[in-house]
Structure formats: C-alpha cells, structure tokens
Amino acid sequence: MTLVAGVDSSTQSCKVVIRDAETGRLVRQGRASHPDGTEVAPEFWWQALQQAIGSAGGLDDVAVLSIGAQQHGMVCLDESGAVVRPALLWNDTRSAQAAADLTAELGAHTWAEAIGSVPVAAFTIAKLRWLAEHEPDNAARTAAVCLPHDWLTWKLSGSTSIADLVTDRSDASGTGYFDPRTDSYRRDLLTRAFGRDVLLPRVAAPAEALSGKGPLVFGPGGGDNAAAGFGVGAGDDAVVSLGTSGTVFARSTQRPSDPTGTVAGFADLTGAFLPLVCTLNAARVLDAMARVLGVDLATLSDLALKAEAGAQGLTLVPYLEGERTPNLPTSTGAVHGLTVANATPANFARAAVEGMLSGLAAGLDALAAQGCSVSKVRLVGGAAQSEAVRKIAPTVFGVPADVPRPGEYVADGAARQAAWVCAGTNEPPTWSAYLGSVEHFEAPVTGGLRARYAEAAQRFLDR
C-alpha cells in the first residue's frame, strides 16, 4: 500500500492526514495549534507542522506530501532566506487603504481584466503596498515574497535557497499579481505596488512532482478553498463553505472578470479556474441567535425545524459584523416582519438559518452570472453539521445539496493531489468510496423565501 500525506496549515491550526493513495482510505492523522493573531512568525507554522506530523506517526512510509494553506498571506524573505518580519495573514486589515488606493490608481475594470479580481485588503499585493509605505527598511531587506504554503513546502524540502521556492496556480491567483488565464505573474502590478521587483516562487503544474533533499516527493500544494473543493470531489458542483465566514465557489473553464469585486477570479488545483465569493457572516449568525435565545446550537437547530418555512414572515438580514458581499463594511443586522404572532423562539431560530443561507445564496447568484453551474451544491464547514442547515439549505438555494462526510477537507484535497502526483496520470484519482459518501437533500418547492429576503435586504440597503 502506497501512502500519501496532505496538510492543512490554516489560520488556527495545522492538520495532517495520511491516506492510501489508491483508495483514499484514512490511515492516520495528527494536528497542532497555531497562535492567535493576524500577523504570525512563520516559525510557529513550522513548529506546528512538525508537531502534527509527529502526532500522525511521521512520514517515513509516505511517498508524496502536498500542503494546502490559508491564502493571501505575505511572507517576506531576505537574500539568505531568513524571514524579514512576521507574516501578515489574510485577515489583517491594515492593508485596506492600500487596496483602495491600488484599485483607484488603475480602476476596477482594469484590475478585473488583468487578474480576474479587484484588490482587497486580504490580497498579498495590498500588503506589499502597505509594507513599502509603512516599513521601508523591511521592504528594502525583502528579496523574495511567498505564501504560507510555499514557505512550508520549501522548509520541508530542506532547501535554503530562495531560488527553490515553488507555488501553484490556485494560491498564486490570490496574490493580486498573477493572471491565471496566462499562468504568468504580472510583474508590472507587483512593481506598482511595491516599488520594485522581487523574486517570486516558480509556479508548478497541477500534478508536478517536486523533489527535496530527502526521498520524500512533494506536490505543488494549493490554497485552502481550492484544496477543499478538490478534497470533497466537488467537480463542477458549487461549494458552499459555512465557517465563521462563508465562501461560495465553483470550478469553471472560464476565468471570470467582475469589476464589482464580488467574484474573485481564482484558480483551482486541476488547471481550471475557481470563481469565488466571500461573505463575512455565516456560522457566527447561528452563534449570535443561540446566545439571544439562551440555547446551544443543537437546540437552535431543533427549534428551527419546528418552525414552518418562512418563519411566518420573520426575516433576518444577517449583516451582523459588516459584510463583504454586498460590500457593507460598517453594516449591522436587521429583523423585518416581526409581529406578535410570529415572535416565537422557533421562528427566530428559523429566520437565523434562512437569513444566513440567503446571504450565501446571493453568492450563488453572482457565480451564476459569471457562467458557473449552480444546479447542485456541496455543503461543507462547521455549520453544515447542523441538521437544520442541511435540511433548509436546498429550500433557500432552490437546488439540491450534497453534504459530504465530516473531514479535514483542505488536508484531504492536498492528499488527493499527492496521490495524483504519485500516480503520474493525466487525471486525478477518483477515490470513489471516500468521495462518494454524501448525504443528499432535495430542494422542495416553497417559493418566496429568497424574494422576501431580497426585499428586506434592499430596504436595509436603501435605509
């Protein structure tokens, strides 16, 4: 039996899964925590990776390893390969003004055409502009810029030369200076942001085998959303990921170009594209309503299922902590249609679930407008473990939903890529027994839910 390993180096922790390359069967796994914060010394990622590998039984019998990780972060290295300053993570918003300035300088349409996306604070390019403006000494020391998964792969390979840095299309597509349509860096955009050119990681092919100093072979790795989609075997189905925030994405053969910035034109792990929409409010909406009602999440789910579809007219607009889609960074939530008759815990619970899902449904609409198929969704993430969410989602989305078995989807996607590298084939392994295990929910005909939410959201926006 040939074994492969997949890593998920996320914002909060590092997870390692070791699977049978042929079938995808889980053999063993391990994990370790990351420190809190929006800027982190990469050495903490390295220590957590070593700890997670150890708790997973080591890599002595592993043939190929791939690393998936949080996208967009900025890791700056000097000529010797030393880290210049703590890495800025995707959720560090000090670069918001830099993103706005870059967008204003060229115009949103120009950015969308150049890279498929409009800069936001999360993108590496905005963080590099911030670094050049606020820490010129550190900017001057920077000889190479890479991403979290690039740096970890490089470290694990045993190389000390920055010339050996390697990345993949999916992660590179979130930097703000890579065009996934031509698979090439836009160094003119990098220079505009940073003031000069720097060394960037070579972009590997989707299933390219990368060698290190030992016997272990490496896959190109990838960004977390692309790896998650690959890990659940979504194919061309849309994926709705319900974490603290929410993402909606789908594989596409066409790179989108959305000057509104709603849809980001990322790349996937297979050589295609991954149009993606991000919202700020997903599972946190359920957490907030559970606090209001004084119940736990399991009870909130039970209450929501006791109410009828539509919560008797009670509608929650879930922009609780600002929103990114639509772009309302200072917004708050709103409740509409409250009456004496519908003021029950069950209706409030139902409205919370329907409101959260309606916010994400707007992301599905945006993907459809870019030509993506949304005839079925894969529902993943922590909130997808709620029975109410699983049963209500098709009602709101208007399409069937498949819920894969719980798993470490990013690490699983990295492991599946490692198996692809190991096989050396044109197509990735199917892993049919593992990927085929889903819970299926059909979309009942209810009518009116999305329309009522849209009306409530529009009244909120007009106000």
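Looking at this structure, I do not really get the pattern of salt bridges. What am I missing?
Between side chains of opposite charge, a pair can form when the charged atoms approach closely. Within the structure shown, the criterion is met by 27 salt bridges. As a salt-bridge pair, D412 and R19 come within 3.1 Å of each other at their nearest N and O atoms. Taken together, the residues D412 in helix 14 (residues 409–423) and R19 in strand 2 (residues 13–20) connect sequence positions 393 residues apart. You'll find D412 and R19 in the same group, each marked buried. The residue R202 makes a salt bridge to E208 at a minimum N-O spacing of 2.9 Å. Overlapping salt bridges bring together E39, R85, D92, R94 and E135 as one network.

How do you make sense of the pairing of strand 18 (residues 264–267) when you look at a structure like this?
Consecutive side chains of a regular strand alternate in pointing toward one face of the sheet and then the other. Residue alternation in strand 18 divides its side chains into two sets, A264 and F266 and G265 and A267, and both sets are buried. Direction of pairing for strand 18 relative to strand 19 (residues 273–279): antiparallel, over a ladder of 4 bridges. Bridging from a neighbouring strand, F266 pairs with L274 of strand 19. Where strand 18 folds back on strand 19, the antiparallel hairpin that results is connected by 5 residues, among which G271 adopts a positive phi of roughly 105°.

Help me understand the sheet that holds strand 18, please; the structure alone is not making it clear to me.
The strands making up a sheet associate through hydrogen bonds between their backbones, and the pairing can be parallel or antiparallel. What the 7 strands build is an open sheet, ordered 18-19-17-16-22-23-24; its pairing is mixed. Edge positions in the open sheet fall to strand 18 and strand 24 (438–441), since each of these has one partner strand only. For this sheet the average axis-to-axis angle between neighbouring strands, irrespective of direction, equals 25°. By the bridge criterion, 4 bridges tie strand 23 (residues 401–404) to strand 24 in an arrangement that is antiparallel. Across the sheet, the residue bridging to A401 is F441, located in strand 24. Its contacts with the sheet put helix 13 (residues 387–397) on strand 16 (238–242), strand 22 (377–380), strand 23 and strand 24, and the angle it makes with strand 22 is roughly 145°.

Looking at this model, I keep getting lost on the packing of aromatic side chains. Mind explaining?
Tallied over the entire structure, the rule returns 6 aromatic pairs. Ring centres 5.6 Å apart and planes at 70° place the aromatic pair F178 and Y185 in the edge-to-face group. Taking relative accessible area as the criterion, F178 reaches 0% and is therefore assigned buried. Take Y185: its relative accessible area is 19%, and that puts it in the buried class. Aromatic rings pair up to connect Y177, F178 and Y185 into one cluster. The ring of F273 carries R169 above its face, with NZ or CZ at 5.6 Å from the centroid. The ring of F230 carries R416 above its face, with NZ or CZ at 4.3 Å from the centroid.

Scoring rules and cut-offs
Every residue gets a number counted from 1 within its own chain, in the order that chain's sequence is written. Residues qualify for local features only when their pLDDT is at least 70, as the model is predicted, and side-chain atom pairs are given and counted only at 80 or more; totals for whole chains, interfaces and linings, by contrast, use all residues. Hydrogens are left out, water is left out, and the side-chain values use all remaining heavy atoms of the structure. For this document, the term salt bridge refers to a Lys or Arg side-chain nitrogen within 4 Å of an Asp or Glu carboxyl oxygen. We count a stretch as a helix when DSSP gives it H or I for four or more residues in a row; a strand needs E for two or more, and each element gets its number in order from the N terminus. Partly exposed residues are those whose accessible area sits between 20% and 50% of the maximum for their type, while under 20% is buried and over 50% is exposed, using a 1.4 Å probe and protein chains only. Note: two strands are recorded as paired if DSSP finds a minimum of 2 bridges between them. The axes are straight lines fitted to the C-alpha atoms, using for helices just the contacting stretch, and the angles between their N-to-C directions are given from 0 to 180°. Should any heavy atoms of two residues lie within 4.5 Å, those residues are counted as being in contact. Centres within 6.5 Å make a pair out of two Phe, Tyr or Trp rings, where for Trp the six-membered ring is used; the pair is then stacked when the planes are under 30 degrees apart, edge-to-face when over 60, and tilted otherwise. Only when the NZ atom of a Lys or the CZ atom of an Arg is both within 6 Å of the ring centre and within 35 degrees of the ring normal do we say a charge sits over the ring.

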